[in-house]
Amino acid sequence: MIVEELIGVHKHYPLIKALGGVSLKIKSKELLLIMGHSGSGKSTMLNMAGILDVPTKGKIKLMGKDVPKSEAERAKLRSEFMGFIFQDFGLIPSITAKDNILLPTLFGGNTPENRVDEIAEQLGMTPRLNHYPSQLSGGEKQRVAIARSLINNPKIIFADEPTGNLDSKTGDMVMKLLRSLADGGKTVVIVSHNPEHEAYADTVINMKDGKII
Ligand SMILES: Nc1ncnc2c1ncn2[C@@H]1O[C@H](COP(=O)(O)OP(=O)(O)OP(=O)(O)O)[C@@H](O)[C@H]1O
Ligand SMILES: [Mg+2]
């Protein structure tokens, strides 16, 4: 089954064509890896698939339906169906790991009380829930970010260079964790520079100059 489709998607900035017409079908429950050199358009494509931004030209279908242009409607779809993980973890320093994990629930939805405990258990983070980000290792910070991406039980998880700030051993741990989420039925889309990460993927695509090659 196809969860999301990009059809002839372009993204043009005043001085640059970041995406020059990409078409892509994202299959349910696959781990899709987006590879390519710096500046090839990986993050731009992830932001398109994550409906954080709208194409200059072309179309995006989420579960068979056209994605609306309005930011409010897209925000609603994102909070219902999508989770996000970033290279710099994106944690708020002044609140605990637990409160960071709960952030997405502030924008609606009906997350059961015990869900945070369940996810923390699954990710081995239970003893760290009351720690602040500065008290966590890089791998632990990224596990908090992964827990946060899971809190609303999304269909698709998008991760832009999730191991970019981690040593290779910790990076492998994070990739294994993301692989296990795909095995558990999530669709996982990851941007990476690291060819070793291909081993974790069901599908690998390569980008160059704003196109899939
Ligand atoms: N907001 C923006 N305004 C203008 N140009 C942009 C913007 N965002 C990205 N670009 C340009 O679009 C191109 C693709 O950028 P993108 O961030 O998608 O690359 P990337 O493959 O993710 O690179 P990296 O591996 O360095 O993260 C680059 O040339 C970049 O400079
Ligand atoms: Mg990038």
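One can find the structure itself at the top, above this paragraph.
Now for a quick tour of the structure. Throughout, a residue's number is its position along its own chain's written sequence, starting from 1. Whichever chain is written first is A, and whichever ligand is written first is 1; the rest continue in order. Reporting of local features is limited, given that this is a predicted model, to residues whose pLDDT is at least 70; pairs of side-chain atoms are given and counted only at 80 or more, and all residues count toward the totals for whole chains, interfaces and linings.

**Some words on the nonpolar core**
Then comes step 1: Ile34, Ala147, Phe158, Leu178, Val189 and Ile190 are the most contacted members of the largest nonpolar core, which totals 49 residues.
Then comes step 2: A pair of residues counts as a contact when their C-beta atoms, built from backbone coordinates, are separated by no more than 7 Å. If we ignore the near neighbours within four places in the chain, the residues touching Val189 are Ile26, Leu32, Ile34, Leu46, Ala49, Ile156 and Phe158. A set of buried residues drawn from Ala, Val, Leu, Ile, Met, Phe, Trp, Tyr and Cys, joined through C-beta atoms within 7 Å, is what defines a nonpolar core. In this scheme the burial state of a residue depends on its C-beta neighbours within 10 Å: 20 or more other such atoms mean buried, 12 or fewer mean exposed, and anything in between means partly exposed; the C-beta positions come from the backbone.

**What about helix α5 (residues 138–150)?**
Then comes step 1: Taking 1.5 Å of rise per residue, the 13 residues of α5 would be expected to cover 18 Å, and the 19 Å separating its terminal C-alpha atoms lies within 8% of that figure.
Then comes step 2: Of all 13 residues that make up α5, 10 are buried, and the element is covered over most of its length.
Then comes step 3: Structurally, α5 contributes buried residues whose contacts are with β6 (82–86), α3 (97–102), α4 (115–122), β7 (156–160) and α6 (168–183). Numbering of helices and strands starts at the N terminus; helices are DSSP runs of H or I of at least 4 residues and strands are runs of E of at least 2. Here, expected helix span is obtained from the residue count minus one, scaled by 1.5 Å.

**Remarks on the pairing of strand β4 (residues 57–62)**
Then comes step 1: Any two strands between which DSSP finds at least two bridges are classified as paired. Examined bridge by bridge, strand β1 (residues 2–13) and β4 share five bridges and lie antiparallel to one another. Within the sheet, the bridge partner assigned to Ile7 lies in β4 and is Lys59.

**Section: the environment of Pro55**
Then comes step 1: Topologically, Pro55 is positioned in the loop between α1 (42–49) and β4.
Then comes step 2: Residue class for Pro55 comes out buried when judged on the 21 C-beta atoms lying within 10 Å of it.
Then comes step 3: For Pro55 and Val9, which are 46 residues apart along the polypeptide, the C-alpha to C-alpha distance reads 6.0 Å.
Then comes step 4: If we skip the residues at most four places from it in the chain, Pro55 touches Val9, His10, Lys11, Met48 and Ile60.

**Some remarks on the site of ligand 1**
Then comes step 1: Proximity of a residue to a molecule or strand is defined by its backbone-placed C-beta atom lying within 6 Å of that partner. Residues in contact with ligand 1, as listed here, are Tyr13, Ile16, Ala18, Gly36, Ser38, Gly39, Ser40, Gly41, Lys42, Ser43 and Thr44.
Then comes step 2: If you list the elements that add at least two residues to the shell around ligand 1, you get β2 (16–27) and α1.
Then comes step 3: The dominant element in the shell around ligand 1, judged by the number of residues it contributes, is α1, at three residues.
Then comes step 4: Of the residues contributing to the shell around ligand 1, the split by class is three nonpolar, seven polar and one charged. When residues are sorted by character, Ala, Val, Leu, Ile, Met, Phe, Trp, Tyr, Cys and Pro go into the nonpolar class, Asp, Glu, Lys and Arg into the charged class, and all the rest, Gly among them, into the polar class.

**A closer look at the packing of α5 against α6**
Then comes step 1: Axis definition: a line fit to C-alpha positions, over the contact stretch in the case of helices; interaxial angles, taken between N-to-C directions, run 0 to 180 degrees. Contact geometry of α5 with α6 gives a least axis separation of 9 Å together with a crossing angle of 20°. Overall, the two elements α5 and α6 adopt an arrangement that is roughly parallel. Our pair here, α5 against α6, has a crossing hand that is right-handed. Along its contact with α5, which presents Gly138, Gly139, Gln142 and Ile146, the element α6 presents Thr170, Met173, Val174 and Leu177.
Then comes step 2: The residue makeup of the contact of α5 with α6, split by class, is four nonpolar, four polar and no charged. Should an angle lie under 35 degrees it is considered roughly parallel, over 145 roughly antiparallel, and from 65 to 115 roughly perpendicular; all remaining angles are considered oblique. We call a crossing left-handed when the near helix sits turned anticlockwise from the far one by less than a right angle, and right-handed when that turn is clockwise.

**Points about the environment of Leu77**
Then comes step 1: Mapped onto the fold, Leu77 is located in helix α2 (residues 71–81).
Then comes step 2: Exposure remark for Leu77: the 15 C-beta atoms within 10 Å place this residue in the partly exposed category.
Then comes step 3: Sequence spacing of Leu77 and Val67 is 10 residues, and the spatial spacing of their C-alpha atoms is 8.7 Å.
Then comes step 4: What Leu77 contacts, discounting residues up to four positions off in sequence, is Ile51, Leu62 and Val67.

**Quick word on the sheet that holds strand β9 (residues 203–208)**
In a beta sheet, neighbouring strands pair by backbone hydrogen bonds and run either parallel or antiparallel.
Then comes step 1: Across the sheet, which stays open at both edges, the six strands sit in the order β6-β7-β8-β3-β9-β10 with mixed pairing between neighbours. Strands at the two margins of the open sheet, each flanked by one partner only, are β6 and β10 (211–212).
Then comes step 2: Sheet topology places β7 next to strand β8 (residues 187–191); five bridges connect them, and they run parallel. The residue of β8 that forms the bridge with Ala159 is Ile190.
Then comes step 3: Of the strands in this sheet, β3 (31–36), β7 and β8 touch α6, which is tilted by about 150° from β8.

**Quick notes on the pairing of β3**
Then comes step 1: The element β3 is largely enclosed, with a buried count of six among its six residues.
Then comes step 2: A two-sided burial pattern is seen for β3, the buried positions comprising Leu31, Leu33 and Met35 on one face and Leu32, Ile34 and Gly36 on the other.
Then comes step 3: The sheet contact formed by β3 and β9 spans five bridges and is parallel. Along β9, the bridge assignment pairs Met35 with Asn206.

**Considering α4**
Every α-helix carries 3.6 residues per turn, so stepping three or four residues along brings you back to the same face.
Then comes step 1: Buried residues of α4: Val116, Ile119 and Ala120, and no others. An end-on view of α4 places all buried positions within 100° of arc, on one side of the element.
Then comes step 2: Buried residues along α4 sit in contact with α3 and α5.
Then comes step 3: Once α4 finishes, Gly124 follows within two positions and takes phi at roughly 70°, a positive value. The arc under discussion is defined with respect to the helix axis, by the directions toward the C-beta atoms.

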